[in-house]
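A closer look at the structure
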Amino acid sequence: MRTPDERDTRYAWYVVALLTALYAVAFIDRQVLNLLVDPIKDELALSEVEVSLLQGLAFMGAYIAFGPVFGWRADVGHRRNLLLFGAILWSAFTVLCGLLKGFAGLFIARAGVGAAEACLIPAAWSLLSDYFSRERLPRAMSVFVTGPYIGGGLALIFGGTVIGSVDAFGAFLPLLADLSPWRLVFVCVGAPGLLLGLALLTIREPRRRSFSAVQASDRRFTLREVAMFLWQGRAFFVRFYVGMSAVIVALYALPAWIPAFLIRNHGANAAQVGLQYGTLVLVAGTLGVLSGPLAARWLHARGHVDAPVRACAWAGLALVPFCAMLPLAPSYVAALALAAGATFCYSFPQSMAAAALQFAAPNRMRGVVSSIYVFLASVIGLGLAPTLVAAITQWAFNDPARVGESLGIVSGTAGIVAALLMFGSLAHYRRAVERA
């Protein structure tokens, strides 16, 4: 019988499937709030900016605060147990989002979700890097990175279903019958994560490995050594981190406010948007993620050793026209089509970015290198994007109906910044590959 220490086995793909499901559940818990903006505003009497703080700052502040801690633990500790602890904790806080009263209680619960979810990326990426060879890792990463799009789509679909069938859910779960629809959504999407977290007990911790024959695969590095490694590679890492963070701006801004845009500007209702836009995110996002490695392989076959980063750069550039045209969409169907194009573009580079960082660092640095990426992407993307869109809508336009224009400005500019920085990092990435 094969052991889980062997790379590229069926067991390794089982690990991918379970981690992908976990990532999807995490994104359901994270993203379902986007469908519930107006009901939460009405019940709690919140402003646009206060809702954006629940979408961004509450989650992001805790996420970035705990990211480096969990990144370090992923490098030195038991990664499976770290994921088990985090999954149960973030699911419990999601349930609390539907039970606590007032803005402060909801803010604290969202912060709890963010703090616990900070363990996921460093631990999961590190685990996958030890379960797969260099040749198979991009494909494994592309499957894992479908998690946010599966989860984001299911969050909208399931949230819309619960809102549209609240009486049936109340009859099935009488203890929850007195909860308002948006509170019921939080309870229903948080509970399954508790069970999925326990399924992690079926994963065993793999032996730590290196992608290079000359690197000590299990050597532990001091913080000084990690800092020196990043400093020496700063020409690449800074451009790459900030460029991909700009892509993340679009990844969070668009799902956060497109439901409100479709409801306010095109006369849709929450259940309709949840089902249709949720399906779109699931399909277009998954196709984008799975297409990334194919495009990179095509570029590499034509002599581009910088293929992963080059593919990311083109994705950022392709994102711009979809975002710019979104507020000009003449109909609900046209708006959905443009949203589909934007979703494909911002999802396209995600698996390539994940794999490139794993190739660029020794084994015992992967957690820290990944957590820095997550930290910057969270600060620039998750922390800035929803609130920046809300601020432009509320203070520059002073009109909630112009949220589409705010989305176009923020996401389109992000795509331009991403393309410029990623194209600018290509030469530095090639030198990093030569050194490796």
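Residues numbered from 1 in each chain as written. Predicted model: local features only at pLDDT ≥ 70, side-chain atom pairs only at ≥ 80, totals over all residues. Heavy atoms only, no water.

1. Observations regarding the overall build of the protein chain
Within the protein chain, the secondary structure is distributed over 21 helices and 0 strands. By principal-axis analysis of the C-alpha atoms, the protein chain measures approximately 60 × 45 × 35 Å. A burial count over the protein chain gives 59% of its 436 residues as buried. Of the contacts made within the protein chain by residues no fewer than 6 positions apart, 83% connect residues no fewer than 24 positions apart. Here the protein chain carries 33 positive and 22 negative side-chain charges, and the mean point of each set is 11 Å from the other. (Helix = DSSP H or I, 4+ residues; strand = E, 2+ residues; numbered from the N terminus. Buried < 20%, exposed > 50% of the residue type's maximum accessible area, 1.4 Å probe, protein only. Contact = heavy atoms within 4.5 Å. Lys, Arg positive; Asp, Glu negative; His and termini not counted. Charge placed at Lys NZ, Arg CZ, Asp CG, Glu CD.)

2. Concerning the packing of helix 4 (residues 57-76) against helix 7 (residues 120-131)
Packed helix pairs are characterised by how far apart their axes lie and by the angle those axes make with each other. Contact pair helix 4 / helix 7: the axes reach a minimum separation of 8 Å and the direction vectors enclose 30 degrees. By the angle between their axes, helix 4 is roughly parallel relative to helix 7. Counting all contacts with helix 4, which are made through Tyr 63, Phe 70, Gly 71 and Ala 74, the residues of helix 7 involved are Ile 121, Pro 122, Ala 123 and Ser 126. (Axes fitted to C-alpha atoms, helices over the stretch in contact; angles between N-to-C directions. Parallel < 35°, antiparallel > 145°, perpendicular 65-115°, else oblique.)

3. What about the nonpolar core?
Ranked by internal contacts, the top residues of the largest apolar core, which has 138 residues, are Leu 19, Ile 40, Trp 90, Phe 240 and Tyr 277. With 20 residues, helix 13 (residues 234-266) is the single largest residue contributor to this core. The contact partners of Tyr 277, leaving out residues within four places of it in the chain, are Leu 156, Leu 254, Pro 255, Ile 258, Pro 259, Leu 262, Gln 272, Leu 336 and Ala 339. (Core = buried A, V, L, I, M, F, W, Y, C linked by side-chain atoms within 4.5 Å.)

4. Side note on unusual backbone geometry
Its identity as a non-glycine residue notwithstanding, Ala 45 has a phi of 55 degrees, on the positive side. By the secondary structure assignment, Ala 45 is in the loop between helix 2 (37-44) and helix 3 (48-55). Ala 45 sits in the exposed class, given a relative accessible area of 66%. Non-glycine residue Asn 398 carries a positive phi angle of around 55 degrees. Mapped onto the secondary structure, Asn 398 falls in the loop between helix 19 (385-397) and helix 20 (403-424).

5. What to know about the pattern of salt bridges
Enumeration over the complete set of coordinates arrives at 5 salt bridges. Of the charged contacts, one joins Asp 306 and Arg 310 as a salt bridge, the two residues approaching to 3.0 Å between their closest N and O atoms. The burial state of Asp 306 is the same as that of Arg 310; both residues are buried. Linked through salt bridges whose partners overlap, the residues forming this network are Arg 79, Asp 130 and Glu 205. (Salt bridge = Lys/Arg side-chain N within 4 Å of Asp/Glu carboxyl O.)

6. Comments concerning helix 3
Of all the 8 residues making up helix 3, 6 are buried; the element is thus mostly covered by neighbouring parts of the structure. When helix 3 is considered as a whole, its buried residues turn out to be Glu 48, Val 49, Val 51, Ser 52, Leu 54 and Gln 55.

7. Some words on a nonpolar patch on the surface
Taken together, Ile 88, Leu 194, Leu 195, Leu 198 and Leu 201 make up a surface patch of nonpolar side chains, about 450 Å² in accessible area. A total of 3 residues in the nonpolar patch trace back to one element, the largest contributor, which is helix 11 (residues 181-199). Summarising the element assignment, Leu 194 is placed in helix 11. When its relative accessible area of 31% is taken as the criterion, Leu 194 is described as partly exposed. (Patch = residues over 30% accessible without salt bridge, like charges linked within 9 Å, V, L, I, M, F, W, Y side chains within 5 Å. Areas by Shrake-Rupley, 256 points an atom, 1.4 Å probe, with all protein chains shown as cover.)

8. Quick look at the packing of helix 13 against helix 17 (residues 350-359)
Where helix 13 contacts helix 17, the axes come no closer than 11 Å and their chain directions differ by 155 degrees. When the axes of helix 13 and helix 17 are compared, the pair comes out roughly antiparallel. For helix 13 against helix 17, the interelement crossing comes out left-handed. Facing Phe 237, Phe 240, Tyr 241, Met 244, Val 247, Ile 248 and Leu 251 of helix 13, the residues of helix 17 in contact are Gln 350, Ala 353, Ala 356 and Leu 357. Class assignment for the residues of the contact of helix 13 with helix 17 results in 10 nonpolar, 1 polar and no charged. (Left-handed = near helix turned anticlockwise from the far one by under 90°. Nonpolar A, V, L, I, M, F, W, Y, C, P; charged D, E, K, R; others polar.)

9. With respect to the environment of Ala 65
Checked against the element boundaries, Ala 65 lands in helix 4. According to the relative accessible area criterion, Ala 65 is partly exposed, its value standing at 48%.

10. As for the packing of aromatic side chains
Overall, the coordinates contain 20 aromatic pairs when judged by the stated rule. When the ring of Tyr 23 is compared with that of Phe 27, the centres are 5.9 Å apart and the planes differ by 80 degrees; the resulting orientation is edge-to-face. A residue pair is termed a helical-turn pair when its members lie 3 or 4 positions apart in one helix, as Tyr 23 and Phe 27 do in helix 1 (residues 10-31) at 4 residues. Residues Tyr 23 and Phe 27 agree in their burial class; the two are buried. Pairing Trp 182 with Phe 186 gives two aromatic rings, centres 6.1 Å apart and planes at 85 degrees, and the pair type is edge-to-face. Placement of the pair is Trp 182 and Phe 186 together in helix 11, with a separation of 4 residues, close to one helical turn. With respect to burial, Trp 182 and Phe 186 carry one shared label: buried. (Phe/Tyr/Trp six-rings, centres within 6.5 Å; stacked < 30°, edge-to-face > 60°.)

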